[in-house]
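# Structural overview
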Amino acid sequence: STGPDKALDIPGLALASGGLFGIVWGLIHGNGDGWTSPSIVGALVVGATLLAAFVAWELRTPQPMLPMRFFRNRAFAAANGASLLMYFGMFGSIFLLSQFFQTAQGYSPLGSGLRILPWTLMPMFVAPVAGALSDRIGGRPLMATGLALQAIGLGWIAAVSSATVEYSSLVGPFILSGIGMALFFAPVANVVLSAVRPAEEGKASGTNNSIREVGGVLGVAVLASIFARYGGYESPESFTDGLVPALWIGAGVLAVGSLVALLIPRMRRADAVPVIDHDRELVPQPEAA
């Protein structure tokens, strides 16, 4: 209702929705139906085809819902890439760890959730400090450090995990992972929104939300597949056999995300200088990396 772009991109909306539906449906049902089953292969192929058509449409329509030029901005592209990998590693790992406490150690769902609180509560305490630091030093070092801490935390959990591991051995890596999560959460929105004009912040925010949700679904699907390849629910030992390699993969994905975050140029909105890009639109100019 406000701003210069009020048109609805109906074809883009239909293509993006259909493409994401096919990809997400295929990822969610892949473990149960089999990754080579016709329904899963068909859903993934149709989803990918529709997303490719979405990109082609957005490149030619005069009023796109997602301008593809956003991804020519290194800050925008790297921050969204890091978000995809962060949610892949984090959600895929928490999905399995919550089951570990129930299946391998016999706790209730509530008891499992309470034991993960050292991880998930840390952003309440660390995020405000990280937000203040982000205003001073920019988002790149905080996001890269946060993803690195999460990778170390997951690797630590994988190294000590067993069917009978004492909970006290997991509190340290949970806290470390939670600190890393908070360091990432605090600056990522500012980095993404600072990469576009103020009138385009809604589109940028929606893109980041979609990418991180797909990352979470992808992480659960892939790490669950690795779990199923090496372990199962037959016994606590079997569950741990599948959990450990899945956590190592999650840690590796987060480590790659830390490297991707280092590609973000040092940028703060206060330092943005308007320049004219080849589309003759005002965009923020990042400082040199």
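Residues numbered from 1 in each chain as written. Predicted model: local features only at pLDDT ≥ 70, side-chain atom pairs only at ≥ 80, totals over all residues. Heavy atoms only, no water.

## Some points on the overall build of the protein
- Summing up its helical and strand segments, the protein has 9 helices and 2 strands in all.
- Along the protein, helices (α) and strands (β) appear in the sequence α-α-α-α-α-α-α-α-α-β-β when read from the amino end.
- Taken against the 2.2 N^0.38 rule, which gives 19 Å for 289 residues, the C-alpha radius of gyration of the protein at 21 Å falls within 12% of a compact globule.
- When the backbone C-alpha atoms are referred to their principal axes, the protein occupies close to 60 × 50 × 30 Å.
- Relative to all contacts within the protein whose residues are 6 or more apart in sequence, the contacts with residues 24 or more apart total 73%.
- Here the protein has roughly 13,500 Å² of accessible surface; of this, 67% comes from carbon and sulfur atoms.
- Both charge centroids of the protein, one from 16 positive and one from 17 negative side chains, sit 9 Å from each other. (Helix = DSSP H or I, 4+ residues; strand = E, 2+ residues; numbered from the N terminus. Rg over C-alpha atoms; globule rule 2.2 N^0.38 Å. Contact = heavy atoms within 4.5 Å. Areas by Shrake-Rupley, 256 points an atom, 1.4 Å probe, with all protein chains shown as cover. Lys, Arg positive; Asp, Glu negative; His and termini not counted. Charge placed at Lys NZ, Arg CZ, Asp CG, Glu CD.)

## A short note on the packing of aromatic side chains
- The tally for this structure, following the rule as stated, stands at 13 aromatic pairs.
- Taking the centre distance of 6.4 Å and the plane angle of 35° together, the rings of Phe100 and Phe239 count as tilted. Of this pair, Phe100 sits in helix α3 (residues 74–104) while Phe239 sits in helix α9 (residues 236–261); the two residues are 139 residues apart in sequence, bridging distant segments of the chain. The residues Phe100 and Phe239 share a single accessibility class, namely buried. (Phe/Tyr/Trp six-rings, centres within 6.5 Å; stacked < 30°, edge-to-face > 60°. Buried < 20%, exposed > 50% of the residue type's maximum accessible area, 1.4 Å probe, protein only.)

## Re the layout of surface pockets
- Roughly 430 Å³ of volume is contained in the second largest pocket.
- Leu20, Phe54, Leu66, Ser210 and Ile211 are the residues nearest the centre of the second largest pocket, which is lined by 16 residues in total.
- Elements with a minimum of two residues in the lining of the second largest pocket: α1 (10–33), α2 (38–60) and α8 (201–230).
- Looking at the lining of the second largest pocket element by element, the count peaks at 6 residues for α8.
- In terms of residue class, the lining of the second largest pocket is made up of 12 nonpolar, 3 polar and 1 charged. (1 Å grid on protein atoms, 1.4 Å probe; cavity = no way out; pocket = protein on both sides within 12 Å on 5 of 7 lines; lining within 4 Å. Points joined across faces, edges and corners; volume = space filled by probe spheres on them. Nonpolar A, V, L, I, M, F, W, Y, C, P; charged D, E, K, R; others polar.)

## Brief notes about α2
- With 23 residues, α2 extends 33 Å between its outermost C-alpha atoms, agreeing within 8% with the 33 Å of an ideal straight helix rising 1.5 Å per residue.
- Listing the buried residues of α2 in full gives Ile40, Ala43, Gly47, Phe54 and Glu58. (Expected span 1.5 Å × (residues − 1).)

## A word on the environment of Gly257
- As for its position among the elements, Gly257 is in helix α9.
- Owing to a relative accessible area of 0%, Gly257 belongs among the buried residues under this scheme.
- Residues Gly257 and Tyr87, spaced 170 residues apart in sequence, show a C-alpha to C-alpha distance of 9.9 Å.
- Here Gly257 is in contact with Ala82, Leu85 and Leu147, once residues within four sequence places are set aside.

## Quick look at the environment of Ala77
- Note that Ala77 resides in helix α3.
- By relative accessible area, which is 30% here, Ala77 ends up partly exposed.
- Between the C-alpha atom of Ala77 and that of Ala189, which follows or precedes it by 112 residues, the distance is 13 Å.

## A word on the confidence of the model for the protein
- The share of residues in the protein with pLDDT of 70 or more is 91%, and the mean pLDDT across the chain is 88.
- Within the protein, strand β1 (residues 275–276) has the poorest average pLDDT of any element, 38, and α9 the best, 96.
- Across residues 268–289, confidence stays below pLDDT 50; counting only partners more than four residues off in sequence or on other chains, it has 50 contacts. (pLDDT = per-residue confidence, 0-100.)

## Things to note about the nonpolar core
- Ranked by internal contacts, the top residues of the largest apolar core, which has 55 residues, are Met86, Phe100, Trp119, Met143, Ile157 and Ile264.
- When residues of this core are traced back to their parent elements, those giving at least two are α3, α4 (109–120), α6 (139–160), α7 (168–194), α8 and α9.
- Residues contacting Met143, with those up to four places away along its chain left out, are Ala79, Ala82, Leu183, Phe184, Pro187, Val188, Val191, Ala261 and Ile264.
- If you look at the next biggest cluster of nonpolar residues, it comprises 7 residues, including Met122, Val126, Leu142 and Leu183. (Core = buried A, V, L, I, M, F, W, Y, C linked by side-chain atoms within 4.5 Å.)

## Side note on the packing of α6 against α7
- Between α6 and α7, whose axes approach to 7 Å, the crossing angle comes to 155°. As far as their axial angle goes, α7 and α6 are roughly antiparallel. Crossing hand, α6 versus α7: left-handed.
- When its residues are assigned to classes, the contact of α6 with α7 shows 20 nonpolar, 9 polar and no charged. (Axes fitted to C-alpha atoms, helices over the stretch in contact; angles between N-to-C directions. Parallel < 35°, antiparallel > 145°, perpendicular 65-115°, else oblique. Left-handed = near helix turned anticlockwise from the far one by under 90°.)

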